[in-house]
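Inside the fold
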Amino acid sequence: MSDWKTEIEKRVHEAAVVVERAIDRSRDKLGLLPDVEDVEHVQAYCGYATTDQVIVMGRVLANQPARPAEEDDNWWNNLGAMWRRVNSKEVIGAEVVLNYAGVEKTVTSGDEGYYQATFDRVDPGMDAELRGIWSKVRARVPAADRKVENEHAVLTPSAAAKFGIISDMDDTVIHTGATQLLLMMRQTMFGNARLRQPLAGVATFYHALQRGMREGSTTTPINPLFYVSSSPWNLYGLLEEFLRHNDIPLGPLMLRDYGIDENKLIAEKGHRHKLEKAERIIAAYPDLPFVLIGDSGQDDAEIYAEVAHRHGDRIAAVYIRDVDPGNESKHDERVDGFIDNVAETGVPMLRAVDSLAMAEHAAEVGLITHEDVAAVAENVDRDEKIPATVGEAIEEAVENEP
């Protein structure tokens, strides 16, 4: 980027920070900003543990989160739930007491109500194969006159892990129509976690990746899975509910910050924030190779190609889901160009029509078993027979618009 463009961005950013602070001061003087006595909810995001640290992040809010979706919710219920998510009331300056394995630490919520803490990792001393990959950190806000607490689930990979997985969300795991703005907006505003459609076979394929090459009745996941998405943090609850409802493995959701502060632009620009987050995850586990999964609709192929060039010996495979299978499009041409570019690194990179194509390749390179491939095939077939969802109905309406 040219120097003058960088300078303009810097000045716009500085002006935005000044304006936001002036608005906050005005709201504070008028008594419109929530304070610690108004705390209603601690949003405890899923954390993760490295070999020596436990890292958690959350948010302190002065309003309750949207309730989980119910089967009979209509579009009005869904719109109201989305408004509650978007209109979050962040509490700045709240003390949050965190407890991990008997160790307490107090942190203070900062801009936009976010807090973060790091602990020295404590090994529970159980057999790695038996305890799975989860531990927890408790969080509470003692200043409130009511009981406000929550619990961070913490992804805690064991020494038995063979590789990690980094996956996009939009049009990789969940059908969003990210390449069609109107469709994506309608699904976001009028859909819910029960109605949002997973990509066929995703659940079985991701469970297989977490188990790895262990055959037989062993089902305990050992390989850590991370989600990197351009969705804003306000949609965290919706995305976590979607994963649970569709039996898709849980993992830390690393979303996009749309706030304003001194250390970033008005929003993390484009999709390049995914590169920084992928780099952070890879650096946190220096002994693990990684499988990268994305889609052809955004910049995943470009980002993952760059990761492959930087860490060729650490990348086991790159899978790019084709958002328009059966049609040769500009998306496909662009992805294929990056595949050719990555070939020199020796990293296998595949544009895949569905989860089955990914699973077949994963079995060939020794990431999952051939029995898993058969299970993914059954899952894909079953998912494709599911009756039309709200997403398909909205898509049909968009296509029929004059």
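A few points on the structure. None of these values were measured; they are calculated from a predicted model.

Side chains that carry opposite charge are capable of pairing whenever their charged atoms lie near each other. In the structure shown here, the tally under the stated rule is 17 salt bridges. Residues Glu 328 and Arg 351 are paired through a salt bridge, measuring 3.7 Å at the closest nitrogen-oxygen approach. Taken together, the positions of Glu 328 in the loop between strand 13 (315-321) and helix 9 (330-342) and Arg 351 in strand 14 (residues 349-352) put the pair 23 residues apart, joining distant regions of the chain. With relative accessibility at 66%, the residue Glu 328 sits in the exposed group. With its nearest N and O atoms 3.5 Å apart, the salt bridge here joins Arg 351 to Asp 332. A residue pair is termed long-range when its members are at least 10 positions apart, and Arg 351 in strand 14 and Asp 332 in helix 9 qualify at 19 residues. Each member of the salt-bridge network shares a partner with another, and the members are Asp 322, Glu 328, Asp 332, Asp 336 and Arg 351.

Among the residues making up helix 10 (residues 355-364), those that are buried are Ser 355, Met 358, Ala 359, His 361, Ala 362 and Ala 363. Contacts from the buried residues of helix 10 go to helix 5 (202-211), strand 12 (290-295), strand 13, strand 14 and helix 11 (370-384). Capping the start of helix 10, Asp 354 holds a side-chain oxygen 3.2 Å from the backbone nitrogen of Leu 356, two or three residues further along. One or two positions beyond helix 10, positive phi appears at Gly 366, with a value near 80 degrees.

On inspection of all chains with the given rule, the structure shows 10 aromatic pairs. Where Tyr 45 meets Tyr 236, the ring centres are 4.6 Å apart and the plane angle is 50 degrees; that geometry is what we call tilted. Of this pair, Tyr 45 sits in the loop between strand 1 (41-44) and strand 2 (47-49) while Tyr 236 sits in helix 6 (residues 236-245), and the two are 191 residues apart along the sequence. With relative accessibility at 2%, the residue Tyr 236 sits in the buried group. Consider the rings of Phe 226 and Tyr 285, whose centres lie 5.7 Å apart with planes at 45 degrees: the pair is tilted. Highlighted residues: Phe 226 in strand 10 (residues 225-232) and Tyr 285 in the loop between helix 7 (273-284) and strand 12, separated in sequence by 59 residues. Residue classification places Phe 226 among the buried residues on the basis of a relative accessible area of 0%. We classify Tyr 285 as buried; its relative accessible area is 4%. Here a set of aromatic residues connected by ring pairs shows up, and it is made of Tyr 48, Phe 226, Tyr 285 and Phe 290. Geometry around Phe 119 places Lys 105 over its ring, the cationic atom sitting 5.0 Å from the centre.

The next subject is the side chain of Ser 355. Summarising the element assignment, Ser 355 is placed in helix 10. For Ser 355, the side chain forms a polar contact with the main-chain nitrogen of Val 202, separated by 3.5 Å. Excluding its chain neighbours within four sequence positions, the residues that come into contact with Ser 355 are Ala 200, Gly 201, Val 202, Phe 205, Arg 321, Val 376 and Val 380.

All right, on to the sheet that holds strand 9 (residues 164-167) then. Pairing is parallel in the open sheet, where six strands are placed in the order 11-10-9-12-13-14. Because the sheet does not close on itself, it has two edges, and the strands there are strand 11 (253-256) and strand 14. Averaged over all adjacent pairs, the angle separating strand axes in this sheet is 15 degrees, with direction ignored. Sheet topology note: the strand 9/strand 12 ladder contains four bridges and is parallel. Counted as the bridge partner of Ile 166 is Leu 292 from strand 12. Sheet contacts for helix 7: strand 9, strand 10, strand 11, strand 12 and strand 13; angle to strand 10, the most-contacted strand, approximately 160 degrees. Of the strands in this sheet, strand 9, strand 12, strand 13 and strand 14 touch helix 8 (residues 300-310), which is tilted by about 160 degrees from strand 12.

Our focus in this paragraph is the side chain of Asp 322. By secondary structure assignment, the location of Asp 322 is in the loop between strand 13 and helix 9. We classify Asp 322 as buried; its relative accessible area is 5%. Setting aside anything within four residues of it in sequence, one finds Asp 322 in contact with Ser 296, Asp 332, Arg 351, Ala 352 and Val 353.

Rules behind the numbers
Residues numbered from 1 in each chain as written. Predicted model: local features only at pLDDT ≥ 70, side-chain atom pairs only at ≥ 80, totals over all residues. Heavy atoms only, no water. Salt bridge = Lys/Arg side-chain N within 4 Å of Asp/Glu carboxyl O. Helix = DSSP H or I, 4+ residues; strand = E, 2+ residues; numbered from the N terminus. Buried < 20%, exposed > 50% of the residue type's maximum accessible area, 1.4 Å probe, protein only. Contact = heavy atoms within 4.5 Å. Polar contact = N/O pair within 3.5 Å; in protein donor to acceptor, adjacent residues only side chain to side chain. Phe/Tyr/Trp six-rings, centres within 6.5 Å; stacked < 30°, edge-to-face > 60°. Lys NZ or Arg CZ within 6 Å of the ring centre and 35° of its normal. Pairing = 2+ DSSP bridges. Axes fitted to C-alpha atoms, helices over the stretch in contact; angles between N-to-C directions.

Treat this as a map of the structure, not an account of what it does.
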